[in-house]
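Understanding the architecture of this molecule
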Amino acid sequence: MKKVIKKIEELAEEIGRDVNLMEVCGTHTQAVARHGIRALMPKNVHLTTGPGCPVCVTAQEDIDAIVNLALAGIPVATYGDMLRVPGYYGSLDEAREKGAKVFSVYSVEEALGLLDEWRDLVFFGLGFETTTPMTAYAIKKGLTVYSTHKLFIPAMKALLKTGELKIDGFISPGHVSTIIGVEPYEGMGVPQAITGFTAEDVLVGIYMLLKQIEEGRADVENEYTRSVRKGGNPAALKAIFEVFEIAGGNWRGFGIIPKSGLEIKKKFSKCDAKVKYKSILDKVDFSKSRRPTPCKCGEIIRGLKESKDCPVFKKVCSPENPVGPCMVSQEGACNVAYRY
Ligand code: SF4
């Protein structure tokens, strides 16, 4: 590791200007913090957190929609972290305290298991290409889903398009890449390194990015070759697109990003909670979802602010009392900053 750090220092000196490298995977956010990698960086190399935490990027409108379904008497199941994300109408946990049937599950299999007793159950599906194949499988087995699933590449392109932050390179997501492979990252015009999750992986990824910057290249390099193949996982991709179609995706901090969302195909509409419970959802006042709040998650997700810039960080907002999603999820920037 010492050798890689030394090479990073040499390259940073040769580059001789500030560089912003963004990690766009929640597991990288944790790895960077847990291994103290920021502290190892030369002073002109800045590591920024991007939109890699699935809980954090779930739009407020979607939280409010699922809470309203629960409050209307529809049983809801989802992954644990999601229960604590506050919306205008409260969180799923709070809905449960009011008597709603809300279940925390570890897998779609567990949600499928609840169907015997709760036939109207809705699974709140979230995440990127990594979790979507399992949701697709469950839909084919008859599970009703409210989909907030998203595709990752359009978000990276949206970040570059806004130009709000000069991004000199992406530490690209290892998990997502196991599904989508290497090719979809090509043509973005910035250096990228698909990276694994050990301290050494991340440092080598950073070295690869700095080397590209120093040589004036903008390639897609794969540090995580032990898990990521060029073509990804065709069977998982097939499973996704058998059930889902590409649509606009609603992201916290961005709004609608074209072609970044995954909606359930008409063929499976009897398992689509947005169709099945349209009459309930149509009555929800989503203008409340867009009310101003002190939470800076939207800016943090876009790399524009850090947790410490938020006026309520550690004062009001903590993992025990989260004000925003970035404090709820173990992969969220505020939760990570609080713990490390
Ligand atoms: S500290 Fe809390 S309120 Fe502030 S940005 Fe983070 S999650 Fe949002």
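First, a word on what this report is: a plain description of the structure on this page. (Residues numbered from 1 in each chain as written. Predicted model: local features only at pLDDT ≥ 70, side-chain atom pairs only at ≥ 80, totals over all residues. Heavy atoms only, no water.)

**What to know about the overall build of the chain**
- Looking only at helices and strands, the chain has 17 helices and 11 strands in total.
- For 340 residues, the compact-globule formula gives about 20 Å, and the C-alpha radius of gyration of the chain, at 20 Å, lands near that figure.
- Considering only intrachain contacts with a sequence separation of at least 6, the fraction spanning at least 24 residues in the chain is 69%.
- Separation between the mean location of the 45 positive side-chain charges and that of the 41 negative ones in the chain comes to 3 Å. (Helix = DSSP H or I, 4+ residues; strand = E, 2+ residues; numbered from the N terminus. Rg over C-alpha atoms; globule rule 2.2 N^0.38 Å. Contact = heavy atoms within 4.5 Å. Lys, Arg positive; Asp, Glu negative; His and termini not counted. Charge placed at Lys NZ, Arg CZ, Asp CG, Glu CD.)

**Describing the site of the ligand**
- Taken together, Cys295, Lys296, Cys297, Ile300, Cys310, Val312, Phe313, Cys317, Val323, Gly324, Met327 and Cys334 are the residues near the ligand.
- A class-by-class count of the residues in the shell around the ligand yields 10 nonpolar, one polar and one charged. (Near = heavy atom within 4 Å. Nonpolar A, V, L, I, M, F, W, Y, C, P; charged D, E, K, R; others polar.)

**Things to note about the packing of aromatic side chains**
- Applying the stated criterion to the full structure yields nine aromatic pairs.
- When the ring of Phe103 is compared with that of Trp118, the centres are 5.7 Å apart and the planes differ by 45°; the resulting orientation is tilted. Separated by 15 residues along the polypeptide, Phe103 in strand β4 (residues 102–105) and Trp118 in the loop between α7 (108–114) and β5 (122–125) bring together distant segments of the chain.
- Here the aromatic rings of Phe128 and Trp251 are separated by 5.9 Å at their centres, their planes lie at 20°, and the arrangement is stacked. Placement of the pair is Phe128 in the loop between β5 and α8 (132–140) and Trp251 in strand β10 (residues 244–251), with a sequence separation of 123 residues. (Phe/Tyr/Trp six-rings, centres within 6.5 Å; stacked < 30°, edge-to-face > 60°.)

**Examining the pairing of β5**
- Alternating positions in β5 separate into two faces, Val122 and Phe124 on one and Phe123 and Gly125 on the other, with burial throughout.
- Both strand β3 (residues 76–79) and β5 contribute to a ladder of two bridges, which runs parallel. The residue bridging Val76 from the neighbouring strand is Val122, located in β5.
- As judged from the four bridges shared by β5 and strand β6 (residues 144–147), these two strands associate in the parallel manner. Each residue of the ladder has a partner; that of Phe123, found in β6, is Val145.
- Handedness of the β-α-β unit built from β5, α8 and β6 comes out right-handed. (Buried < 20%, exposed > 50% of the residue type's maximum accessible area, 1.4 Å probe, protein only. Pairing = 2+ DSSP bridges. Right-handed = clockwise from strand over helix to strand, strands pointing away.)

**Things to note about the pattern of salt bridges**
- Under the definition given, this model contains 17 salt bridges.
- Here Arg38 and Glu23 are joined by a salt bridge, their closest N and O atoms 3.9 Å apart. Separated by 15 residues along the polypeptide, Arg38 in helix α3 (residues 37–40) and Glu23 in strand β1 (residues 19–23) bring together distant segments of the chain.
- Owing to a relative accessible area of 1%, Glu23 belongs among the buried residues under this scheme.
- Lys230 is the partner of Glu183 in a salt bridge, and the nearest nitrogen-oxygen pair spans 3.1 Å. Residue Glu183 is found in the loop between α10 (174–180) and β8 (192–194), and its partner Lys230 is found in the loop between β9 (220–222) and α12 (234–243); the two are separated by 47 residues along the sequence.
- Under the relative-accessibility criterion, Glu183 is labelled partly exposed at 43%.
- In the salt-bridge network here, residues are joined through shared partners; they are Lys211, Glu215, Arg217, Asp219 and Glu221. (Salt bridge = Lys/Arg side-chain N within 4 Å of Asp/Glu carboxyl O.)

**Description of the sheet that holds strand β2 (residues 45–49)**
- In space, the five strands of this open sheet follow the order β2-β1-β7-β8-β9, with parallel pairing throughout. Each edge of the open sheet carries a strand with a single partner, namely β2 and β9. Along the sheet, successive strands turn relative to each other by an average axial angle of 20°, direction set aside.
- Packing against the sheet, helix α11 (residues 199–215) makes contact with β1, β2, β7 (169–172), β8 and β9, and its axis sits at approximately 140° to β1. (Axes fitted to C-alpha atoms, helices over the stretch in contact; angles between N-to-C directions.)

**Topic: the pairing of β2**
- For β2, the tally of buried residues reaches four of five residues, placing the bulk of the element in the interior.
- In terms of strand pairing, β1 meets β2 through five bridges, oriented parallel. For Asn20, the partnering residue across the bridge sits in β2 and is His46.

**Details of the environment of His35**
- Along the chain, His35 falls in the loop between α2 (26–34) and α3.
- Overall, the relative accessible area of 34% leaves His35 in the partly exposed class.
- For His35 and Thr198, which are 163 residues apart along the polypeptide, the C-alpha to C-alpha distance reads 8.5 Å.
- When near neighbours in sequence (up to four residues on either side) are disregarded, His35 contacts Phe197, Thr198 and Ala199.

**Points about the sheet that holds β6**
- One open sheet holds the four strands; their spatial order is β4-β3-β5-β6, and the pairing between them is parallel. The outermost strands of the open sheet, each flanked by one partner alone, are β4 and β6. The mean angle between the axes of side-by-side strands here comes to 30°, regardless of whether they run parallel or antiparallel.
- By the bridge criterion, four bridges tie β3 to β4 in an arrangement that is parallel. Bridge pairing links Thr78 to Ser104 in β4.

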